[in-house]
Structure formats: C-alpha cells, structure tokens
Amino acid sequence: MKHCVLRVDAEPSLRPLMEGVAAKIRAAGVDVALPQWAAQGSHQSIGSCERHHDIMAGFARTISSVIFRKTGLRVEPKMRLFTWLIRHCGTLVTCCHVRSNGQTSHFMLRGEEAKFRLVPFGEVVMFKIESALPRSKLLPRWEKGIFAGISERDRSYIVLTIE
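Anyway, here's the lowdown on the structure attached to this text. The structure presented is a predicted model; accordingly, all values stated were derived computationally and were not measured.

### Re the sheet that holds strand β5 (residues 157-160)
Right, so step 1: Spatial ordering of the open sheet is given by β3-β4-β5, a layout of 3 strands whose pairing is antiparallel. With one partner strand each, in any of the chains shown, β3 (124-128) and β5 form the two edges of the open sheet. For this sheet the average axis-to-axis angle between neighbouring strands, irrespective of direction, equals 65°.
Right, so step 2: Direction of pairing for strand β4 (residues 142-150) relative to β5: antiparallel, over a ladder of 4 bridges. Across the sheet, the residue bridging to I146 is L160, located in β5.
Right, so step 3: Contacts from helix α3 (residues 80-95) reach β4 and β5 within the one sheet, and its direction differs from that of β4 by about 60°.

### Overview of α3
Right, so step 1: With 16 residues, α3 should reach 22 Å at 1.5 Å per residue; the first-to-last C-alpha distance of 23 Å fits that figure.
Right, so step 2: All of the buried residues along α3 are L81, L85, H88, C89, T91, L92, V93 and C95.

### Quick word on a positive patch on the surface
Right, so step 1: There is a patch of like positive charges on the surface, built from K128, R135, K137 and R141.
Right, so step 2: Of note, K137 is situated in the loop between β3 and β4.
Right, so step 3: Overall, K137 belongs to the exposed group, its relative accessible area being 76%.

### Quick word on the state of the cysteines
Right, so step 1: One pass over the full model with this rule turns up 0 disulfides.
Right, so step 2: C96 forms no disulfide, and the closest cysteine sulfur to it belongs to C95, at a distance of 5.9 Å.
Right, so step 3: Here C96 falls in the partly exposed class, since its relative accessible area comes to 37%.

### Thoughts on the side chain of H88
Right, so step 1: With respect to the helices and strands, H88 occurs in helix α3.
Right, so step 2: Each residue touching H88, except ones within four places of it in the same chain, is listed here: I63, L118, F121, F147, A148 and G149.

### What about the nonpolar core?
Right, so step 1: Counting 11 residues, the largest nonpolar core is built from A60, I63, I67, V75, L81, L85, C89, L92, F121, A148 and I158.
Right, so step 2: For L81, the contacting residues outside a window of four places in its chain are L73, V75, F121 and L160.
Right, so step 3: If you look at the next biggest cluster of nonpolar residues, it comprises 5 residues, including L6, M18, A22 and V32.

### Comments concerning the packing of aromatic side chains
Right, so step 1: Tallied over the entire structure, the rule returns 1 aromatic pair.
Right, so step 2: One residue, R74, lies across the ring of F68, its end atom 3.9 Å from the ring centre.

What counts and what doesn't
Residues numbered from 1 in each chain as written. Predicted model: local features only at pLDDT ≥ 70, side-chain atom pairs only at ≥ 80, totals over all residues. Heavy atoms only, no water. Pairing = 2+ DSSP bridges. Helix = DSSP H or I, 4+ residues; strand = E, 2+ residues; numbered from the N terminus. Axes fitted to C-alpha atoms, helices over the stretch in contact; angles between N-to-C directions. Contact = heavy atoms within 4.5 Å. Expected span 1.5 Å × (residues − 1). Buried < 20%, exposed > 50% of the residue type's maximum accessible area, 1.4 Å probe, protein only. Patch = residues over 30% accessible without salt bridge, like charges linked within 9 Å, V, L, I, M, F, W, Y side chains within 5 Å. Areas by Shrake-Rupley, 256 points an atom, 1.4 Å probe, with all protein chains shown as cover. Salt bridge = Lys/Arg side-chain N within 4 Å of Asp/Glu carboxyl O. Lys, Arg positive; Asp, Glu negative; His and termini not counted. Charge placed at Lys NZ, Arg CZ, Asp CG, Glu CD. Disulfide = S-S within 2.5 Å. Core = buried A, V, L, I, M, F, W, Y, C linked by side-chain atoms within 4.5 Å. Phe/Tyr/Trp six-rings, centres within 6.5 Å; stacked < 30°, edge-to-face > 60°. Lys NZ or Arg CZ within 6 Å of the ring centre and 35° of its normal.

Quick look at the structure:
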C-alpha cells in the first residue's frame, strides 16, 4: 500500500480543505497520515512548497512581462486573464520544470513525460470551429483566439475568444 504525508501551512481556512483531501486520498486506497500542520509563520517548515511557489511566481512574472512587451497589456490579478495565466504556470511547473532529481513532476507521477506541443501563453492562434449543427459551406471554419493553456483532463488546447 502506498503511503502519503500531507504537510500544509497552518492557515485555519486550509484545515477543512486538507481534511477533505486526506479523505479522498484514503478512499483511493492510499494510507495518509493526518495532515502535518506547519508552524505558523514558518516558511522553512514547508520549504519545498515555498520553493515551488517561487518557481510559479517566476513563470507568472516572465509570461506577464512577455505579454506586456508584445502588447502593452499589463496582466493584473483582478483580470480574468490572470486566472488563466496562473493555471498555465501550474501546467508548466508540473510538466516542463525539471526538478533537482532530473525529472519533472509529471514524470514522477505518471512514469512518462508529458507529450504536447506548447504555444506561448497569450499568443494569437487559429482554431477550428467544432459545431454540432451543420454549417453552411460559406461560413468560416477557423477563427482566431488567444492560447490560454492545456486542459488537464484530456490535454486539449484552451483557446479564449471574445464571446
């Protein structure tokens, strides 16, 4: 049987969430020790998480900077695009960031590297319109959108449009 230890920040709002996560992991047949609560205000006690937080923040700053340089748009936390940016950074950290052991987190979880091609976040791309209704042969079949990431569920591309 696999064993898992959850270690989390001592933030009170996280306690119910972590108890729920532990219950789900147990239901999947993994032995989970009770969540270990880090000492309040002690970032070193959950150092690996803090390191990954810094890596995520670095990806977000870099991508945001590239978008600003190319378009003049500053991606700010209150914007909808910011949510997609953070989500995409999570994919990059999981699937592309090589850890100190020479492996990505995706490889460590699944035993194989992630297999997908990336487009820069925020890049204008063309996508094919998939419609359940029959379309006229005169209507366009491709539209422009903005690349916003990859779906974790089926590895399809996420493209944002004005609608």
